[in-house]
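# Coordinate inspection notes
Spelled out from the first residue to the last, the chains are:
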Amino acid sequence: MKYWLMKTEPDAYSWDDLKSEPNHTDHWDGIRNYAARNHMRDMSVGDLVFFYHSMIKVPAIVGIAKVVKEAYPDHTQFDPDAKYFDPKSPQDNPRWDMVNIQAFQELDTEVTIKELKAIPELSEMALFRISRLSVQPVTEVEWKLITGMRKLQPVK
DNA sequence: GCCAACGTTGGC
DNA sequence: GCCAACGTTGGC
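All figures in this text were calculated on a predicted structure; none of them were measured in a lab.

All right, on to the side chain of asparagine 100 then. Summarising the element assignment, asparagine 100 is placed in strand S5 (residues 97-107). Setting aside residues up to four positions removed in sequence, asparagine 100 forms contacts with Thr25, Asp26, His27, Lys66, Val67, Val68, Lys69 and Tyr72.

What follows deals with the protein's contact with DNA strand B. In the vicinity of DNA strand B, the residues found are Asn33, Tyr34, Lys88, Arg129 and Arg132. Within 4 Å of the protein, the contacting atoms of DNA strand B are drawn from sugar and phosphate to the extent of 50%.

Moving on, we get to the protein's contact with DNA strand C. Neighbouring DNA strand C are the residues Lys7, Tyr52, Ser54, Met55, Pro59, Ile113, Lys117, Ser131 and Arg132. Considering the 4 Å shell around the protein, atoms of DNA strand C inside it are sugar or phosphate in 74% of instances. A distance of 2.3 Å is found between a phosphate oxygen of DNA strand C and a side-chain nitrogen or oxygen belonging to lysine 117. One of the side-chain N or O atoms of arginine 132 is found 3.0 Å from a base nitrogen in DNA strand C. When the residues that make up the surface near DNA strand C are grouped by side-chain class, the tally is four nonpolar, two polar and three charged.

The next point concerns the pattern of salt bridges. Any two side chains of opposite charge can pair, given that their charged atoms come close. This structure, assessed with the given rule, holds nine salt bridges. The shortest N-O distance in the salt bridge between aspartate 16 and lysine 19 comes to 3.5 Å. Of this pair, aspartate 16 and lysine 19 both sit in helix H1 (residues 15-19), separated by three residues, roughly a single helical turn. Among the residues examined, lysine 19 registers a relative accessible area of 23% and is labelled partly exposed. Where aspartate 97 meets arginine 41, a salt bridge forms, and the shortest distance between an N and an O atom there is 3.0 Å. Taken together, the residues aspartate 97 in strand S5 and arginine 41 in helix H2 (residues 34-41) connect sequence positions 56 residues apart. Given the relative accessible area of 9%, aspartate 97 is considered buried. Bridged by salt links that share partners, the residues Asp16, Lys19 and Glu106 form one connected network.

Under the definition given, this model contains six aromatic pairs. Residues tryptophan 15 and phenylalanine 51 carry aromatic rings whose centres are separated by 5.3 Å and whose planes lie at 55 degrees to one another, so their mutual orientation is tilted. With tryptophan 15 in helix H1 and phenylalanine 51 in strand S3 (residues 48-53), this residue pair connects regions lying 36 residues apart in the sequence. Phenylalanine 51 matches tryptophan 15 in its accessibility class, with the two residues each being buried. Between tyrosine 34 and tryptophan 96, the aromatic rings sit 4.6 Å apart at their centres with planes inclined by 35 degrees, giving tilted as the arrangement. Pair noted here: tyrosine 34 is in helix H2 and tryptophan 96 is in the loop between strand S4 (60-73) and S5, with a separation of 62 residues, a long-range link. These aromatic residues form a ring-pair network of at least three members: Tyr13, Trp15, Trp28 and Phe51. Taking the ring centre of tyrosine 72 as reference, the NZ or CZ of lysine 69 above it sits at 4.1 Å.

On the secondary structure map, glutamate 140 appears in helix H5 (residues 140-147). Judged by its relative accessible area of 46%, glutamate 140 falls in the partly exposed class. Sequence-wise, glutamate 140 and histidine 75 are 65 residues apart; in three dimensions their C-alpha atoms are separated by 32 Å.

Turning next to the nonpolar core. A general feature of soluble globular proteins is that nonpolar side chains tend to end up buried together. In terms of nonpolar packing, the biggest core is built from 22 residues, with Met6 and Trp28 touching the most fellow members. Secondary structure elements with two or more residues in this core: strand S1 (3-8), H1, H2, S3, S4 and S5. If you tally residues by element for this core, the top one is S4, at four residues. Here methionine 6 is in contact with Trp28, Met40, Met43, Val49, Phe50, Phe51, Tyr52, Val99, Ile101, Ser134 and Val135, once residues within four sequence places are set aside. Leu5, Leu48, Ile61 and Val111 belong to the second largest nonpolar core, which has 17 residues in total.

Thresholds, definitions, all that
Residues numbered from 1 in each chain as written. Chains lettered and ligands numbered in written order. Predicted model: local features only at pLDDT ≥ 70, side-chain atom pairs only at ≥ 80, totals over all residues. Heavy atoms only, no water. Helix = DSSP H or I, 4+ residues; strand = E, 2+ residues; numbered from the N terminus. Contact = heavy atoms within 4.5 Å. Near = heavy atom within 4 Å. Polar contact = N/O pair within 3.5 Å; in protein donor to acceptor, adjacent residues only side chain to side chain. Nonpolar A, V, L, I, M, F, W, Y, C, P; charged D, E, K, R; others polar. Salt bridge = Lys/Arg side-chain N within 4 Å of Asp/Glu carboxyl O. Buried < 20%, exposed > 50% of the residue type's maximum accessible area, 1.4 Å probe, protein only. Phe/Tyr/Trp six-rings, centres within 6.5 Å; stacked < 30°, edge-to-face > 60°. Lys NZ or Arg CZ within 6 Å of the ring centre and 35° of its normal. Core = buried A, V, L, I, M, F, W, Y, C linked by side-chain atoms within 4.5 Å.

Below, the structure is given as structure tokens:
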């Protein structure tokens, strides 16, 4: 079992948006960064994901999602009308992948970046070291520490 | 709005 | 292959 963190701007797509999808599940399209893509390719069904809201007043981990489908080609790279259309991506060897995630667990309250920053054991998190990486690994130690800070409940 | 960090592009 | 210019991310 591996652990991850995925960032999203809630104005574009939020935790509530994911929860309102059929089966609380959606595909994670639009990733156009090789490091982030490679992390998605390393994901396995059952891996857990911190769902993180960025570009807002109080950036925070707002929920826990689960990987329910492993990496497969992101169809939006071939759609000329899509925001993340990539005309240079070869049809027979697509550059960009996505995974499917499902909203899995609720936190009783969100875990803010301020709170995370105050914890010395978390100072090496990719979240702080590699600021622009929108899909990133979380270590087991980091995962257990953070999830231990909150009550978790299944998403209904 | 500012600015640091980092990725991408393109000239040479 | 190098590197300057530029664009984007994202916290503050």
